[in-house]
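Here is how the chains run, residue by residue.
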Amino acid sequence: MASRPAHDPLPRPVVRFRPGGVLGRFTPLPPMWLEGRLAAEYVNLIQDPVYYGRGVAPGDGRPVLLIPGFLAGDQTLLTMQSWLRRLDYLPTLSGIRFNVHYSEMTLERVLERLYVHHRRTRQKVALVGHSRGGLLAKVLADRNPELVSQVIALGSPLNAAYDVHPVTLAAVRAARLYNRIRYRNQWETEVAFMEQLAAPPAVPVTSIYTRSDGVVNWEACLRDDVTTLEVNGSHGGLGVNAEVYRHLARLLPD
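Keep in mind that what you see is a predicted model, and the values were worked out from it rather than measured.

A separate point is the side chain of Ser103. Along the chain, Ser103 falls in helix 3 (residues 103-121). Excluding residues within four positions of it along the chain, Ser103 makes contact with Arg132, Leu136, Glu190 and Phe193.

Structure representation (structure tokens):
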């Protein structure tokens, strides 16, 4: 496949995601204001028995690497990190402060964290990625299957990376402009990343999604070659969603 010139536009998202509210086209699809549920989801989590490890098998020192979403940083996954630590997992963060750079540049830094965590624990590492973090985790695992046990993607558009809310897509375009100005001709590396994202996974991948996602079209999280699990909640709240934590408690010991 020929490299995409740096000045070419981003691939157009699939048109089926049309938000409600002010930007909508009179369709009953999830409006972005539903993302305001994050605080309520956190309160629900800390009232749930899973948060305190009740009825949850211990992690027995299994290593986990957490990767945040687009425009986010490791601080968004601190609650999950603390929970995993209490359950006797060995979680570590990606080192990402603001997830906005080209995918290949970001992967280089996360790969260093993966190497260190793998050497420290002498075990394969489970990758848990939120939104864009799930895309990064999938490609990172494909390139380093000897280091990764599994990938768990939370609200990640694994099947159509740009099938997102128009506001989010505008932010993606702004981030791309920033990267072009600062790093110049790196777009062809992004094309290579997208090609690998579309390839069959080299390790088991689980995609956890919500139909009321106000950022990513939930259908973009579905693929025939990954396991899919549905929860109820917002996109931003997947990092503090009690249903997600119950799935993690079941999946991570595998």
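On we go from here.
Time to look at helix 2 (residues 78-86). Within the span of helix 2, buried status applies to Met80, Gln81, Trp83 and Leu84. One side of helix 2 holds all its buried residues, which, seen down the axis, span an arc of 165°. On the buried face of helix 2, the contacting elements are strand 1 (63-67), strand 2 (90-93), strand 3 (125-130), strand 4 (148-154) and helix 7 (242-251). Backbone geometry just downstream of helix 2 places Asp88 in the positive-phi region, at approximately 75°.

A few words on the packing of helix 2 against helix 7. The N-to-C vectors of helix 2 and helix 7 enclose an angle of 40°; their axes lie 12 Å apart at closest approach. Taken together, helix 2 and helix 7 sit at an angle that is classed as oblique. Crossing angle aside, the handedness with which helix 2 passes helix 7 is right-handed. On helix 7, the residues touching Thr79, Met80 and Trp83 of helix 2 are Tyr245, Leu248 and Ala249. Residues belonging to the contact of helix 2 with helix 7 are distributed by class as follows: five nonpolar, one polar and no charged.

This next bit is on the sheet that holds strand 6 (residues 227-231). Sheet strands associate in pairs through backbone hydrogen bonding, adopting either a parallel or an antiparallel arrangement. Strand order in this open sheet of six strands is 2-1-3-4-5-6, and the pairing throughout is parallel. A single partner strand is all that each edge strand has here, and the edge strands are strand 2 and strand 6. On average, adjacent strands in this sheet sit at an angle of 20° to one another, irrespective of strand direction. Where strand 3 lies against strand 4, six bridges are found, and the strand directions are parallel.

Once that is clear, we can look at unusual backbone geometry. The phi torsion at Leu71 lies on the positive side, around 65°, for a residue other than glycine. Its location among the elements puts Leu71 in the loop between strand 1 and helix 2. Residue class for Leu71 comes out partly exposed when judged on its relative accessible area of 38%. Non-glycine residue Asp88 carries a positive phi angle of around 75°. Residue class for Asp88 comes out partly exposed when judged on its relative accessible area of 39%.

Here is what the cut-offs are and how they apply
- Residues numbered from 1 in each chain as written.
- Predicted model: local features only at pLDDT ≥ 70, side-chain atom pairs only at ≥ 80, totals over all residues.
- Heavy atoms only, no water.
- Helix = DSSP H or I, 4+ residues; strand = E, 2+ residues; numbered from the N terminus.
- Contact = heavy atoms within 4.5 Å.
- Buried < 20%, exposed > 50% of the residue type's maximum accessible area, 1.4 Å probe, protein only.
- Arc of directions from axis to C-beta.
- Axes fitted to C-alpha atoms, helices over the stretch in contact; angles between N-to-C directions.
- Parallel < 35°, antiparallel > 145°, perpendicular 65-115°, else oblique.
- Left-handed = near helix turned anticlockwise from the far one by under 90°.
- Nonpolar A, V, L, I, M, F, W, Y, C, P; charged D, E, K, R; others polar.
- Pairing = 2+ DSSP bridges.

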